[in-house]
Amino acid sequence: MFSRRSSGLFRKYFLVTISIILASFVFIGGALLLLVSKLWMDEKINLLTENSISVAQNTSDVLESDYLGESGRGSVIVICNTLMQISNAIEADCFITNINGDVVYCKEILQSNMALYTGNCMVHNQYKIPKEIMNSAVKGLYRSTGDLGGSLNSIHFVVAAPVVVNDEAVAVVFATQPVVDGLTPYVAAIFKMFFIAALFALALTFVLVYLVSYRLTKPLREMSAAAKQYATGDFSKRINIKRSKFRISGHDEIDELVQAFNTMAQALATLEMSRRSFVANVSHELKTPMTTIGGFIDGILDGTIEKEKETQYLKVVSDEVKRLSRLVTGMLNMSKIEAGELDLKPQRFDISEMIFRTMLGFEQLIDNKHIEVRGLDTLENNLVTADKDMINQVVYNLIDNAVKFTPEGGYIEVSSKSDIEKVIIKIRNSGKGIPSEELDKIFERFYKIDKSRSYDVKGAGMGLYIVKTIIELHGGQIVARSEPGEYAEFIFQLPLN
């Protein structure tokens, strides 16, 4: 019944649900049979009780009036006739015993022509009611289930009522009825009706549960298939949320799970793209300086480069080595950040002085591009307590980006101000700026605005990610603003303590 595509969770869910429903039907059926049996038995006991009391009262009246003469023949006929009519009406056996427990009146004594048998009753002659039952019956109404101390050949309902004459119990009326013979056909009829109804209900439930289970587990099966596809590196698969008549609410846990799964898939796809871009960028970043370094060193060693130019080319090699060192340092820092191993070593320092000194380090590049630097002469002294080396890396990366992306004859503007709680640093540079759709992504790891590498030929997309992480580790914030074609600006704030 279950195909391979419908195995697993769907099969388990379906079988568990059907098992619970079947167990519920069995429980309900059993409870129903017990209830019906109890009601039937109570009804039979009550019926026997009412008729036993009626016969006892009628017998008491007959005995008190000594009906039809001293011989009592008429009384016997009336009493036995009553016993016969009641027994036939309620399908029971009614008889009367004396105080000693011997049967004295029963329906078998009376013939069909209302004549009395001269001998003893063949049916009740062997009955001998136990003394303890008689004692209970004489004192009042007696009701029980049993075989009357072996007098009956099976379990019967037994009801007894005393016959009182002149305030004295002179006899006892017994009414008995077989339990099994009456209960079995009644219960069988009820069970048959319940079984037929349950069979139709189960058939309908089976179909509905199958459809609902299949529908409910379909997104899970799709997610399982998509996860296997993701394992191969293909993150293009997305799970569609389809509405159906089996989905009662418009938004439930399955919807939330599917949305979370799709969000995760999008994040994985973005991360995979970033990873591939990062691998390509880092490969390029490593290959280019290593090729340059190797070429210049080989040229010096084999004499291709003249002696007087060795110093010039060694400076180029030194710059490339520093570039490699910065790249490796950035990668190590990112690894520490992701492992949670980047520890802060706070100290007190002037962040405005740090900005000034860092800007001086780029003096040659700034002069070569004829960049105007604004705001250095108006920087206020602002003391902060933070990890000096990490904040220096933040300032260096932001100024390095500003210098790289500022065109010839452009400007770089810096400012520093503080209040009682924080210091706010702004670094703005003129140029093409940052497209508005890129502003929310530039702080992601491995992300580079210019995929063609025409702007930043030295970056691997780690700088701003590390900057943002360091700022947040210090309890600060950083944002980027831009006016395309005009400027790009980075603003970060740090708590003073």
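Residues numbered from 1 in each chain as written. Predicted model: local features only at pLDDT ≥ 70, side-chain atom pairs only at ≥ 80, totals over all residues. Heavy atoms only, no water.

Engineer: Just to check I follow, could you spell out the environment of Ile90 for this structure?
Structural biologist: Mapped onto the elements of the fold, Ile90 is located in helix α2 (residues 73–90). Judged by its relative accessible area of 8%, Ile90 falls in the buried class. Spatially, the C-alpha atom of Ile90 lies 9.9 Å from that of Ala175, the residues being 85 residues apart in sequence. Among residues more than four places away in sequence, those in contact with Ile90 are Leu47, Leu48, Asn51 and Gln177. (Helix = DSSP H or I, 4+ residues; strand = E, 2+ residues; numbered from the N terminus. Buried < 20%, exposed > 50% of the residue type's maximum accessible area, 1.4 Å probe, protein only. Contact = heavy atoms within 4.5 Å.)

Engineer: Looking at this structure, how should I read the sheet that holds strand β2 (residues 103–106)?
Structural biologist: Two strands in a sheet stick together by hydrogen bonds in their backbones, pointing the same way (parallel) or opposite ways (antiparallel). One open sheet accounts for five strands, arranged β2-β1-β5-β4-β3; its pairing is antiparallel. The open sheet has two free edges, formed respectively by β2 and β3 (142–146), since each of these has just one partner strand. Going across the sheet, the axis of each strand differs from the next one's by a mean of 25 degrees, ignoring polarity. With three bridges connecting them, strand β1 (residues 93–98) and β2 associate as antiparallel partners. Opposite Thr97, over in β2, you have Val103 as the bridge partner. Against the sheet, helix α3 (residues 131–139) engages β1, β3, β4 (156–165) and β5 (168–178), with an angle of about 115 degrees to β5. (Pairing = 2+ DSSP bridges. Axes fitted to C-alpha atoms, helices over the stretch in contact; angles between N-to-C directions.)

Engineer: Is there a simple way to think about the nonpolar core in this case?
Structural biologist: Across soluble globular proteins, you tend to see nonpolar side chains buried next to one another. Formed by 42 residues in total, the largest nonpolar core has its most connected members in Ile96, Leu148 and Phe174. Secondary structure elements with two or more residues in this core: α1 (9–65), α2, β1, β2, α3, β4, β5 and α4 (179–231). Not counting residues up to four positions away in its chain, the partners in contact with Ile96 are Val55, Thr59, Ile79, Leu83, Asp102, Val103, Val104, Tyr105, Ala171, Val172 and Val173. The next biggest cluster of nonpolar side chains, apart from the first, holds 41 residues, and it includes Met359, Ile366, Met390 and Ile470. (Core = buried A, V, L, I, M, F, W, Y, C linked by side-chain atoms within 4.5 Å.)

Engineer: Would you take a moment to explain the sheet that holds strand β10 (residues 422–430) for this structure?
Structural biologist: An order of β7-β9-β10-β12-β11 is seen for the five strands of this open sheet, with the pairing classed as mixed. This sheet does not close on itself; its edge strands, each paired only once, are β7 (372–374) and β11 (477–483). The mean inter-strand angle of the sheet, taken between neighbouring strand axes irrespective of direction, is 15 degrees. With seven bridges connecting them, β11 and strand β12 (residues 487–495) associate as antiparallel partners. Bridge assignment links Ser482 to a residue of β12, and that residue is Ala488. The strands touched by helix α9 (residues 388–405) within the sheet are β9 (411–418), β10, β11 and β12, with β10 carrying the most contacts at an inclination of about 20 degrees.

Engineer: Just checking my understanding: could you explain the pattern of salt bridges for this structure?
Structural biologist: If you walk through the whole model with that rule in mind, you get nine salt bridges. A salt bridge links Arg374 to Glu372; the shortest N-O distance between them is 3.5 Å. In this structure, Arg428 engages Glu489 in a salt bridge whose closest nitrogen and oxygen atoms are separated by 3.5 Å. You can see Arg428 sitting in strand β10 and its partner Glu489 sitting in strand β12, a full 61 residues away along the chain. (Salt bridge = Lys/Arg side-chain N within 4 Å of Asp/Glu carboxyl O.)

Engineer: Would you mind showing me how to read α9 here?
Structural biologist: For an α-helix, 3.6 residues make a turn, and residues three or four places apart therefore share a direction. An ideal rise of 1.5 Å per residue puts 26 Å on 18 residues; α9 measures up with 26 Å between its terminal C-alpha atoms. Taken together, the buried positions of α9 are Met390, Ile391, Val394, Val395, Asn397, Leu398, Ile399, Asp400, Asn401, Ala402 and Val403. Capping the start of α9 is the job of one residue whose side-chain oxygen sits 3.2 Å from the backbone nitrogen of Asp389: Asp387. (Expected span 1.5 Å × (residues − 1). Polar contact = N/O pair within 3.5 Å; in protein donor to acceptor, adjacent residues only side chain to side chain.)

Engineer: Any chance you could explain unusual backbone geometry here in plain terms?
Structural biologist: Leaving glycine out, the prevailing phi sign among residues is negative, and the prevailing peptide bond configuration is trans. Phi at Asn166 takes a positive value of approximately 55 degrees, unusual for a residue other than glycine. Within the secondary structure layout, Asn166 lies in the loop between β4 and β5. The phi dihedral of His370 is positive, around 55 degrees, even though this residue is not glycine. You can see His370 is positioned in the loop between α8 (363–368) and β7. On the basis of relative accessible area, His370 is assigned to the exposed category, the value being 58%.

Engineer: Mind showing me how you'd approach the packing of α9 against helix α10 (residues 463–473) here?
Structural biologist: When two helices pack together, their arrangement is captured by the angle between the axes and the distance separating the axes. Their axes nearest at 9 Å, the elements α9 and α10 cross at an angle of 145 degrees. Handedness of the α9/α10 crossing: left-handed. Here Met390, Ile391, Gln393, Val394, Asn397, Leu398 and Asn401 of α9 lie close against α10, whose contacting residues are Gly463, Leu464, Ile466, Val467, Ile470 and Ile471. The residue makeup of the contact of α9 with α10, split by class, is nine nonpolar, four polar and no charged. (Left-handed = near helix turned anticlockwise from the far one by under 90°. Nonpolar A, V, L, I, M, F, W, Y, C, P; charged D, E, K, R; others polar.)

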